[in-house]
Amino acid sequence: MHSELFQKLQHYLDSQIIGQTELVKQLLVALLADGHILVEGPPGLAKTRAVQKLSECIEGDFHRIQFTPDLLPADLTGTDIFRPETGKFTFQAGPIFNSLILADEINRAPAKVQAAMLEAMAEKQITAGRKTYPLPELFLVMATQNPIEQEGTYPLPEAQLDRFLLHLDVNYPDEKSELDILRLNRGEALGETSLEAISISQKEIFSARREALSVHMAEEIEQYIVRLVIATRQPEKYSPQLSEWLEMGVSPRATIALDRCARALAWLNGRDYVTPEDVQKMAFPVLRHRLLLSYQAQAEGVHPNQVVQQLISLVGSA
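Criteria and thresholds
Residues numbered from 1 in each chain as written. Predicted model: local features only at pLDDT ≥ 70, side-chain atom pairs only at ≥ 80, totals over all residues. Heavy atoms only, no water. Axes fitted to C-alpha atoms, helices over the stretch in contact; angles between N-to-C directions. Helix = DSSP H or I, 4+ residues; strand = E, 2+ residues; numbered from the N terminus. Parallel < 35°, antiparallel > 145°, perpendicular 65-115°, else oblique. Left-handed = near helix turned anticlockwise from the far one by under 90°. Contact = heavy atoms within 4.5 Å. Nonpolar A, V, L, I, M, F, W, Y, C, P; charged D, E, K, R; others polar. Pairing = 2+ DSSP bridges. Buried < 20%, exposed > 50% of the residue type's maximum accessible area, 1.4 Å probe, protein only. 1 Å grid on protein atoms, 1.4 Å probe; cavity = no way out; pocket = protein on both sides within 12 Å on 5 of 7 lines; lining within 4 Å. Points joined across faces, edges and corners; volume = space filled by probe spheres on them. Core = buried A, V, L, I, M, F, W, Y, C linked by side-chain atoms within 4.5 Å.

## A few points about the packing of helix α1 (residues 3-16) against helix α3 (residues 47-57)
In a pair of packed helices, the angle between the axes and the distance between the axes together describe the arrangement.
And then number 1: One can describe the packing of α1 onto α3 by two numbers: an axis separation of 10 Å at closest approach and a directional angle of 140°. The angle between the axes of α1 and α3 places the two elements in the oblique class. Crossing geometry of α1 relative to α3 is assigned as right-handed. Seen from α1, the contacting residues are L9, Y12, L13 and Q16; seen from α3, they are R49, K53, L54, E56 and C57.
And then number 2: Counted by class, the contact of α1 with α3 contains five nonpolar, one polar and three charged residues.

See the structure below:
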């Protein structure tokens with residue numbers, strides 16, 4: 001069992017990324033469920049630090065990509081370069097060929113770059129020229145969005161949003177956490193270390209994924225997941241208000257994501273079975289970015305979390 005190793009990793013990350021326990025937990029869920037994660041929140045809330053600290057603990061290369069409106073697909077994927085000494089073109093791999101990618105402010109990239117990212121996230125490959133190149137077996141994208149500044153941004157298309165396993169809202173830490181952050185930063189500036197970093201190999205990660213997939217899920221829980229998903233597509237059967245809020249329901253990827261993430265969460269919590277509470281907890285990060293709200297809901301300021309909460313209250317787990 002590798003659950004103890006991941007619990008140690010979570011404890012270490014919590015000590016290094018203070019006040020963002022939920023971000024750390026969901027980052028590990030995404031790693032176990034082999035999916036990508038979209039993080040939204042104001043600047044300076046340890047989004048970049050979280051991925052950097054995780055990359056220090058696992059076997060694999062890390063690269064941060066700052067997305068800008070003038071970014072080209074080749075800046076991401078790489079390109080063919082002519083070598084005069086041989087008279088031939090050779091492929092120069094871009095930064096996407098790393099195991100851990102931080103896509104900073106991903107919504108600033110234009111459509112062609114988004115298309116390249118979509119292929120990488122969906123197929124674990126990129127196309128440059130006439131050739132297609134596979135990406136590393138361990139490949140995790142953590143993308144960030146700044147919800148405050150919208151100038152010079154391009155809203156992510158629904159197809160790309162659907163490729164993100166999880167969507168997280170990151171909020172400011174509380175007063176105690178803020179004080180701990182202050183002390184941690186001062187200690188790091190003085191060269192002090194509180195805990196020794198955990199080291200996890202890719203082989204151990206793949207074994208942990210298999211263990212998480214093997215967590216028992218009763219047929220009733222499977223049916224509960226399906227009912228939640230179907231309710232987003234047929235909201236009129238549950239509530240007139242829900243029907244007014246939803247323009248379009250979620251895809252089967254949401255069903256698969258809920259299944260895998262609920263198993264991963266149960267495994268991280270040291271259980272060999274999934275409970276309805278696991279499904280309900282993961283419903284928020286799995287569904288919120290996949291729901292297409294109506295114009296009326298947007299005009300009323302309805303947040304996707306409100307829709308998910310109502311789904312949970314209307315759809316019985318038994």
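## Quick notes on the sheet that holds strand β1 (residues 36-40)
And then number 1: As summarised here, the arrangement of the five strands in space is β2-β5-β8-β1-β9, forming an open sheet in which the pairing is parallel. Edge strands, defined here as strands with exactly one partner in the open sheet, are β2 (62-66) and β9 (164-169). On average, each strand axis in the sheet is inclined to that of its neighbour by 15°, with strand direction left out of account.
And then number 2: Relative to β9, β1 runs parallel, the two being bridged by five bridges. Each bridged residue has a counterpart across the sheet, and for L38 the counterpart in β9 is H167.
And then number 3: Contacts between α3 and the sheet are confined to β1, β2, β5 (100-104) and β8 (140-145), with β5 contributing the most and set at about 170° to the helix.

## As for the environment of L27
And then number 1: Mapped onto the secondary structure, L27 falls in helix α2 (residues 21-32).
And then number 2: What makes L27 buried here is its relative accessible area of 2%.
And then number 3: Residues L27 and A264 lie 237 residues apart in sequence; the distance between their C-alpha atoms is 11 Å.
And then number 4: Aside from chain neighbours lying at most four places away, what touches L27 is I37, A50, L54 and M142.

## Quick word on the pairing of β1
And then number 1: Where burial is concerned, most of β1 is hidden: four out of the five residues are buried.
And then number 2: Pairing of β1 with β8, which is carried by four bridges, proceeds in the parallel orientation. Residue pairing in the sheet places L38 in a bridge with A143 of β8.

## Remarks on the pairing of β8
And then number 1: The buried fraction of β8 amounts to six of the six residues, a majority that puts the element mostly inside the structure.
And then number 2: Of the two faces of β8, the one lined by L140, M142 and T144 and the one lined by V141, A143 and Q145 are each fully buried.
And then number 3: For β5 and β8, the ladder comprises four bridges, and the chain directions are parallel. Across the sheet, L100 pairs through a bridge with L140, a residue of β8.

## Considering empty space enclosed by the protein
And then number 1: Under the definition given, this model contains one cavity of 30 Å³ or more.
And then number 2: Estimated volume of the largest cavity: approximately 40 Å³.
And then number 3: Of all elements in the fold, only α8 (202-213) and α11 (252-268) reach the threshold of two or more residues within the lining of the largest cavity.
And then number 4: Among the residues forming the lining of the largest cavity, the class breakdown is five nonpolar, no polar and three charged.

## Here's the deal with the nonpolar core
And then number 1: One finds F6, L9, L54, L166 and V279 to be the most contacted residues of the largest nonpolar core, which totals 75 residues.
And then number 2: Considering every element that reaches this core, the biggest residue donor is α11, with ten residues.
And then number 3: The next biggest cluster of nonpolar side chains, apart from the first, holds 25 residues, and it includes L38, L71, M117 and L135.

Geometric values such as these leave the question of function open.
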